[in-house]
Amino acid sequence: MKNFKNKNLFFIIVLILSICFALSSVKVANDVKNNQENLSNNHQKTIEDCNKVVEGETNYEVCQIILKEDNPYEKLDIYDLGFEIINNYIFYGYNVFFFLFIIIAGSCLYVTKYLRSEILKNTNHRKSYGKIKKELFISSWKYAIIVPVMLLICYIIMYIYTNTYIISDINMEANNLNEYNFGNNMLLYNLKDLYNALVLGLIYTNVTLLIARKEHNYILAVIKSFLAIIGIELFLEIVLNGLVLPVVFKFYDGGFLNIIDMSALQLSSGFYPKIIFITVLMIISFVLVFISYKDKESLIIDCEKNDDGDEA
């Protein structure tokens, strides 16, 4: 039990804080609901005033249009609430970089600590190298669920407050959602967003595992991993999206190449290509990790080099 706490203490703390942060979005939901009720009451008052306007008065024609329309604020729309909670609260400002940093900081914590120890070099160590690798990988991969867990809690709050998963026709048209096969079913969009967040989280942790394979200093591993992911993002956005795709392939919508944006409800024509792209990128990262950690002897040599560097 003590060993479990030592290996998972930081993860447990991060997970609890993340859950608390997600639960705090209830305040946002309350504010949105109160604002919607105020707008609905104002609209109802406008209808009452319009019913008193007779033909020939200044606002008669405008009032006739208002009276024929349904109250657009009668129900709280799940898409509007989701946008406020996810985009304007959870992922507001630079939060996405903070989440990225937390995932990296957590995913290389145990790996670097283990590789700096003498355990791996102990020939009498009872664990097989396969079990050791599994332990290292899981210690890193588990941080990929942090953002999906937050999103899942936010989705539950959204459904509780709206009591529906159907997107209104107004938002379907305003956000061009009709071009997607998901229709007005918010559940399907949420599943897509959960997949997006989980896959990107796994890519981040795999990059961290690759960096930690050679860099066993925790602080340096965190910094190098963060810079590596930012570097990959810059390459994809500037070189591929800015030069290769438009110049060579005459393709001008490479928004799907963004691997930093873990937020939901970011729909564009790059919707389906992004799912394919991040899946392929995740598979490549897994292959590189498995190859990198394949040989125990080379890993031990790198651990010894690390010790020599400390002595120097």
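Residues numbered from 1 in each chain as written. Predicted model: local features only at pLDDT ≥ 70, side-chain atom pairs only at ≥ 80, totals over all residues. Heavy atoms only, no water.

1. Digging into the packing of aromatic side chains
Here the distance between the centres and the angle between the planes together describe a pair of aromatic rings. Counted according to the given criterion, the structure contains 15 aromatic pairs. Between the aromatic rings of Tyr110 and Tyr114, the centroid separation amounts to 5.9 Å while the plane-to-plane angle is 45°, which identifies the pairing as tilted. Remark: Tyr114 and Tyr110 occur in helix α6 (residues 109–116); sequence separation between them is 4 residues, near one turn of the helix. For Tyr114, a relative accessible area of 6% translates into the label buried. Taken together, Phe21, Tyr89, Phe91, Phe98 and Phe99 form an aromatic cluster joined through their ring pairs. (Phe/Tyr/Trp six-rings, centres within 6.5 Å; stacked < 30°, edge-to-face > 60°. Helix = DSSP H or I, 4+ residues; strand = E, 2+ residues; numbered from the N terminus. Buried < 20%, exposed > 50% of the residue type's maximum accessible area, 1.4 Å probe, protein only.)

2. Section: the pattern of salt bridges
Under the criterion given, the structure shown has 5 salt bridges. Two residues, Arg213 and Asp302, come together in a salt bridge whose shortest N-O distance is 2.3 Å. Of this pair, Arg213 sits in helix α10 (residues 186–214) while Asp302 sits in helix α13 (residues 296–311); the two residues are 89 residues apart in sequence, bridging distant segments of the chain. Of the two residues, Arg213 and Asp302, both sit in the buried class. Across the salt bridge formed by Lys214 and Asp302, the nearest N and O atoms sit 3.1 Å from each other. Remark: Asp302 occurs in helix α13 and Lys214 occurs in helix α10; sequence separation between them is 88 residues. Judged by its relative accessible area of 59%, Lys214 is exposed. (Salt bridge = Lys/Arg side-chain N within 4 Å of Asp/Glu carboxyl O.)

3. Quick notes on the nonpolar core
Of all hydrophobic cores here, the largest spans 59 residues; its most connected members are Ile85, Phe91, Val147, Leu151 and Met262. Those residues in contact with Val147 that lie beyond four places of it in its chain are Phe91, Phe99, Ile103, Ala197 and Met262. The next biggest cluster of nonpolar side chains, apart from the first, holds 16 residues, and it includes Val111, Tyr129, Ile132 and Leu299. (Core = buried A, V, L, I, M, F, W, Y, C linked by side-chain atoms within 4.5 Å. Contact = heavy atoms within 4.5 Å.)

4. Side note on the packing of helix α7 (residues 129–141) against α10
The geometry of α7 relative to α10 is characterised by a closest axis approach of 9 Å and an angle of 135° between their N-to-C directions. In terms of axis orientation, α7 runs oblique to α10. The hand of the α7/α10 crossing is right-handed. Along the contact surface, α7 presents Leu136, Phe137, Ser140 and Trp141, while α10 presents Leu202, Thr205, Asn206 and Leu209. A class-by-class count of the residues in the contact of α7 with α10 yields 5 nonpolar, 3 polar and no charged. (Axes fitted to C-alpha atoms, helices over the stretch in contact; angles between N-to-C directions. Parallel < 35°, antiparallel > 145°, perpendicular 65-115°, else oblique. Left-handed = near helix turned anticlockwise from the far one by under 90°. Nonpolar A, V, L, I, M, F, W, Y, C, P; charged D, E, K, R; others polar.)

In short, the description is geometric, and any link to function would need to be established separately.
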